[in-house]
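Here are the chains, one letter per residue:
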Amino acid sequence: MKLTPSFDLFQMLTEEEGGVVPPTNYGNAMRDSSVLKAPDAQDTLEGLQLADYIDGKKKIQSLPDPFKMVEKELQPFSDSIKELVSTDQPILSMAAKHFFEKRHGKRFRPTIVQLMAKAVAATHPENEDTVRETITQKFLDGKMDGEVNGEMSWQLSGASKVQVEGGVINLQNHQGSDVWRKQGQLGQIVEMIHVASLIHDDVLDEADTRRGGEAVHKLYSNKVAVLAGDYLLARASVLLARLENTAVVQIMATALEALVAGEIMQLKSPPKSLLEIETYLRKSYYKTASLICYACRSTALLGGHAYGSTTATACEEFGYHLGLAYQIQDDILDFTAAATVLGKPALADMDLGLSTAPILYAAQENASLKPLVMRRFKHKGDKQTALEALYKSDTAMDKAKSLAKFHAQRAVDALLRLPQSESRDALVRLTHAVITRSK
């Protein structure tokens with residue numbers, strides 16, 4: 001079965017900009033906010049609004065620190081992943097290991113997977129009959145399209161067989177289990193795919209720096225960099241197969257496909273589409289959010305939850321909105337933070353002829369920018385003109401920030417469908433960090 005892209009499952013734009021919740025479909029049918037919680041359970045974060053923490057009405061420090069929570073579990077990460085990407089070819093090995101040694105960053109994606117694994121462990125798998133009845137009823141009520149019998153098997157499948165006493169993972173037996181080990185491996189796989197995409201992107205974009213140091217192709221050569229990226233993807237594919245879950249393999253292979261689709265979209269989009277916020281968000285989904293949201297859904301499957309379950313759906317929805325919020329914030333920082341802080345060249349997207357949220361909102365306000373966006377700032381003075389218009393605008397940057405906050409709030413809303421746990425609450429704090437960061 002071909003997966004439905006997350007932007008066809010979950011909302012992409014705010015209501016004020018014409019955004020709507022996509023129709024109920026396989027992949028988003030199970031979005032109830034109460035089924036995963038015990039009737040008498042008290043959720044201290046119920047109804048949480050991130051704006052209260054951004055405005056300072058509430059202290060984000062009251063929630064668990066996401067990085068400290070998994071710090072010890074990720075400490076062996078560098079050593080084990082360096083071993084996983086070792087090869088007999090010294091230059092290839094050094095190039096492939098580059099980002100896992102000196103320039104490893106915050107390990108944002110492995111942290112998400114590790115925290116999501118713990119949050120999912122607090123969730124009891126739903127009864128198969130309940131999921132079947134809920135989806136069938138929505139189909140019969142005319143709320144869903146498709147063939148109910150043909151698609152149902154996929155909705156009810158994908159859960160890994162859990163080899164623990166009682167057959168169900170919980171907070172008590174999760175740590176150290178085979179499920180925990182495989183979810184940790186998924187975090188490594190996600191980081192390997194991400195790093196491979198960075199290496200390839202830097203070659204395509206002719207970037208000089210990455211994560212505050214020289215890009216791999218500048219240290220070695222374009223050929224070595226491309227081969228290093230290819231090698232990382234090959235190793236990730238081998239490790240993916242070892243997870244012994246064909247649904248997870250398909251989901252993560254789709255994430256790989258999305259990365260390529262995003263790069264092609266960036267290179268070949270028709271001029272008029274370059275003015276559309278929807279095009280920008282779809283590209284952001286393909287290049288950034290897809291890997292995060294598919295990793296989150298896969299984490300739920302490895303934890304014993306079916307593809308169409310409320311748990312797995314909440315996980316993908318969280319990852320989708322978090323990924324978009326992260327990318328939008330990244331694009332805002334491209335105009336507001338210095339290159340020394342970002343660890344990569346500032347205004348890099350404009351140098352490549354790309355328009356991100358701040359410029360697109362400025363173009364909505366100032367029509368004279370539209371031809372510049374459509375010709376990808378190719379004429380002399382185009383970039384300077386666009387920058388001046390952006391900095392003079394009273395609304396463009398605020399609209400971009402509002403879009404990032406919208407997706408961050410939706411990410412939190414999806415998280416709050418899961419039972420309360422320290423790891424779930426840490427993911428809320430991580431979401432706050434994504435849109436308040438300065439680098």
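Residues numbered from 1 in each chain as written. Predicted model: local features only at pLDDT ≥ 70, side-chain atom pairs only at ≥ 80, totals over all residues. Heavy atoms only, no water.

Asker: Would you mind showing me how to read the packing of helix H11 (residues 222-241) against helix H12 (residues 246-268) here?
Answerer: The description of two helices packed together rests on the angle between their axes and the distance between the axes. Contact pair H11 / H12: the axes reach a minimum separation of 10 Å and the direction vectors enclose 160°. Viewed along their axes, H11 and H12 adopt a mutual orientation that is roughly antiparallel. Here H11 and H12 pass one another in a crossing that is right-handed. Residues Leu233, Leu240 and Ala241 of H11 form the contact with H12, whose participating residues are Val248, Val249, Met252 and Leu256. In the contact of H11 with H12, the residues fall into seven nonpolar, no polar and no charged. (Axes fitted to C-alpha atoms, helices over the stretch in contact; angles between N-to-C directions. Helix = DSSP H or I, 4+ residues; strand = E, 2+ residues; numbered from the N terminus. Parallel < 35°, antiparallel > 145°, perpendicular 65-115°, else oblique. Left-handed = near helix turned anticlockwise from the far one by under 90°. Contact = heavy atoms within 4.5 Å. Nonpolar A, V, L, I, M, F, W, Y, C, P; charged D, E, K, R; others polar.)

Asker: So what exactly am I meant to see when it comes to H12 here?
Answerer: Residue pairs three or four apart in sequence face the same way in an α-helix, which turns once every 3.6 residues. In a regular helix each residue adds 1.5 Å, so 23 residues correspond to 33 Å; H12 covers 32 Å between its end C-alpha atoms and thus fits that length. Listed in full, the buried residues belonging to H12 are Ala247, Val248, Ile251, Met252, Thr254, Ala255, Ala258, Leu259, Gly262, Glu263, Met265 and Gln266. The backbone nitrogen of Ala247 lies 3.0 Å from a side-chain oxygen of the residue at the head of H12, namely Asn245. (Expected span 1.5 Å × (residues − 1). Buried < 20%, exposed > 50% of the residue type's maximum accessible area, 1.4 Å probe, protein only. Polar contact = N/O pair within 3.5 Å; in protein donor to acceptor, adjacent residues only side chain to side chain.)

Asker: Honestly, the packing of aromatic side chains in this entry has me stumped. Any pointers?
Answerer: Two aromatic rings, taken as a pair, are described by how far apart their centres are and by the angle between their planes. Under the definition given, this model contains six aromatic pairs. Clustering of aromatic rings is evident, with ring pairs tying together Phe7, Phe10, Tyr285, Tyr286 and Tyr320. Between the NZ or CZ atom of Arg109 and the centre of the ring of Tyr326, over which it lies, the distance is 5.8 Å. Its end group placed over the ring of Tyr307, Arg297 keeps NZ or CZ at 4.0 Å from the ring centre. (Phe/Tyr/Trp six-rings, centres within 6.5 Å; stacked < 30°, edge-to-face > 60°. Lys NZ or Arg CZ within 6 Å of the ring centre and 35° of its normal.)

Asker: Before we go on, may I ask you to explain the environment of Val20 in this structure?
Answerer: Note that Val20 resides in the segment before helix H1 (50-54). Separated by 10 residues in sequence, Val20 and Phe10 have C-alpha atoms that sit 8.7 Å apart. Setting aside residues up to four positions removed in sequence, Val20 forms contacts with Gln11 and Leu13.

Asker: Please explain a negative patch on the surface as it appears in this structure.
Answerer: Negative charge collects at one region of the surface, where Glu16, Glu17, Glu276 and Glu278 lie side by side. You can see Glu17 is positioned in the segment before H1. (Patch = residues over 30% accessible without salt bridge, like charges linked within 9 Å, V, L, I, M, F, W, Y side chains within 5 Å. Areas by Shrake-Rupley, 256 points an atom, 1.4 Å probe, with all protein chains shown as cover. Salt bridge = Lys/Arg side-chain N within 4 Å of Asp/Glu carboxyl O. Lys, Arg positive; Asp, Glu negative; His and termini not counted. Charge placed at Lys NZ, Arg CZ, Asp CG, Glu CD.)

Asker: I'm lost on helix H13 (residues 277-302) in this one. Help?
Answerer: Here H13 contains 26 residues, and its C-alpha end-to-end distance of 35 Å stays within 8% of the 38 Å for a straight helix at 1.5 Å per residue. Roughly 60° is the biggest bend found in H13, and it falls at Ala289. Burial analysis of H13 places 23 of its 26 residues in the buried class, which makes it a mostly covered element. Positive phi shows up at Gly304, right after H13, with a value of about 100°. (Bend = angle between axes of the 7 residues up to and from the residue.)

Asker: Explain the nonpolar core to me, please; I cannot follow it from the model alone.
Answerer: As a rule of thumb, nonpolar side chains are buried together in soluble globular proteins. In this structure, Met116, Met252, Leu281, Tyr285 and Phe318 are the most contacted members of the largest nonpolar core, which totals 104 residues. It is H13 that provides the largest number of residues to this core, a total of 15 residues. Beyond its immediate stretch of four places on either side in the chain, Tyr285 contacts Pro5, Ser6, Phe7, Ser290, Cys293, Tyr294, Tyr320 and Leu324. (Core = buried A, V, L, I, M, F, W, Y, C linked by side-chain atoms within 4.5 Å.)

Asker: Is there a simple way to think about unusual backbone geometry in this case?
Answerer: One can expect most non-glycine residues to show negative phi and most peptide bonds to be in trans. For Glu244, which is not a glycine, the phi torsion comes out positive at approximately 55°. Tracing the chain through its elements places Glu244 in the loop between H11 and H12. For Glu244, a relative accessible area of 65% gives the class exposed. Of note, Phe377 is a non-glycine position whose phi angle comes to about 55°, a positive value. As for its position among the elements, Phe377 is in the loop between helix H18 (370-374) and helix H19 (382-392).

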